[in-house]
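Working through the structure, step by step
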Amino acid sequence: MPFYKRVQYNSPIVLSYALLSLLVLGLNHMTLGASNSLLFSIHRSALTDPLLYFRLFGHVLGHANLAHYFSNMVLILLVGPMLEEKYGSKCIVIMMLVTAIITGLLFLAVTGPERALLGGSGLVFMFILLSSFTNLQKGRIPLTLVLVFIIFIGQELVTGATTQTNISHLTHIIGGVCGAVFGYIFNKKVLTPKG
């Protein structure tokens, strides 16, 4: 059997997200940044602007450059397929869309009009925290979940409070919180001890 027939599109949502993001990056390059500014980054605009509502989802597809794209996709492609297999494609797409909306809305609520947000790092942090719930046992909280929460969210709190960068640490924190909430909701039966 030829190699190309053995390759399986094993994680349709995660792989489609990675491919769509790559196409958006190429489009942004061809338009000299205009497509990211118009469609694939969230920034303050009038509530009557119909593109604002698209940007609430679209900002997770935009990336500033290849390095930004690769840094997000390495983790998404590493963790995402396992999560899509555990929770199903429908749940993963819902989690991704909800995380995109929440991170976009909170970014708009706390930042000034001169700032914009783009990239999938909120999704990365959502996946990282959600992955900590994969091996739950009834009535027990895995130490890995506690450590991942402390390390990833703690690092973002410290870095966000002590340094000035173009990285939205708030988006990372909110994405992580979304992952923890989704993990709790979808694993509630396992987390709740009997009695």
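Before reading on, note that the structure itself is shown above.
Since this is a predicted model, take the numbers as computed values, not measurements.

1. Some thoughts on the overall build of the protein
A tally of helices and strands in the protein yields ten helices and two strands. Element order for the protein, N to C, with α for helix and β for strand: α-α-α-β-α-α-α-β-α-α-α-α. Long-range pairs, those at least 24 residues apart, make up 73% of the contacts in the protein with a sequence separation of at least 6.

2. Notes on the side chain of S11
With respect to the helices and strands, the residue S11 is situated in the loop between α1 (3-6) and α2 (12-30). A relative accessible area of 0% means that S11 is categorised as buried. Aside from chain neighbours lying at most four places away, what touches S11 is S16, G80, P81 and E84.

3. Points about the nonpolar core
Note on soluble globular proteins: their nonpolar side chains tend to be buried together. Y17, I76, I92, M126, F127 and L130 are the most contacted members of the largest nonpolar core, which totals 32 residues. Where this core is concerned, the elements lending two or more residues are α2, α5 (66-87), α6 (89-110), α7 (121-131) and α9 (169-186). At eight residues, the largest contribution of residues to this core is made by α7. The residues contacting I92, other than those within four sequence positions of it, are I13, L83, E84, Y87, F127 and L130. Core analysis: the next-biggest nonpolar cluster, separate from the first, contains six residues, L52, L56, L108 and L117 among them.

4. Brief notes about the environment of P81
Relative to the helices and strands, P81 resides in helix α5. Apart from the residues within four sequence positions on either side, P81 is in contact with N10, S11, V14 and I76.

5. Regarding a nonpolar patch on the surface
Nonpolar side chains collect at one region of the surface, where I94, V98, I102, L106, V110 and L170 lie side by side and expose about 430 Å² of accessible area between them. The element best represented in the nonpolar patch is α6, accounting for five residues.

6. Digging into the packing of aromatic side chains
Scanning the model with the defined rule gives three aromatic pairs in all. Between F40 and F54, the aromatic rings sit 5.9 Å apart at their centres with planes inclined by 70 degrees, giving edge-to-face as the arrangement. With F40 in the loop between α3 (34-38) and β1 (42-43) and F54 in helix α4 (residues 50-58), this residue pair connects regions lying 14 residues apart in the sequence. Take F40: its relative accessible area is 7%, and that puts it in the buried class.

7. Thoughts on the packing of α5 against α7
Packed helices, taken two at a time, are described by their axes: the angle between them and the distance between them. The geometry of α5 relative to α7 is characterised by a closest axis approach of 9 Å and an angle of 45 degrees between their N-to-C directions. Classified by the angle between their axes, α5 and α7 sit oblique to one another. Considering how the two elements wind past one another, α5 and α7 form a crossing that is left-handed. Residues N72, L75, I76, V79, G80, M82, L83 and Y87 of α5 form the contact with α7, whose own contacting residues are S121, L123, V124, F127, I128, L130 and S131. For the contact of α5 with α7, the class distribution of residues is eleven nonpolar, four polar and no charged.

The rules behind these values
- Residues numbered from 1 in each chain as written.
- Predicted model: local features only at pLDDT ≥ 70, side-chain atom pairs only at ≥ 80, totals over all residues.
- Heavy atoms only, no water.
- Helix = DSSP H or I, 4+ residues; strand = E, 2+ residues; numbered from the N terminus.
- Contact = heavy atoms within 4.5 Å.
- Buried < 20%, exposed > 50% of the residue type's maximum accessible area, 1.4 Å probe, protein only.
- Core = buried A, V, L, I, M, F, W, Y, C linked by side-chain atoms within 4.5 Å.
- Patch = residues over 30% accessible without salt bridge, like charges linked within 9 Å, V, L, I, M, F, W, Y side chains within 5 Å.
- Areas by Shrake-Rupley, 256 points an atom, 1.4 Å probe, with all protein chains shown as cover.
- Salt bridge = Lys/Arg side-chain N within 4 Å of Asp/Glu carboxyl O.
- Phe/Tyr/Trp six-rings, centres within 6.5 Å; stacked < 30°, edge-to-face > 60°.
- Axes fitted to C-alpha atoms, helices over the stretch in contact; angles between N-to-C directions.
- Parallel < 35°, antiparallel > 145°, perpendicular 65-115°, else oblique.
- Left-handed = near helix turned anticlockwise from the far one by under 90°.
- Nonpolar A, V, L, I, M, F, W, Y, C, P; charged D, E, K, R; others polar.

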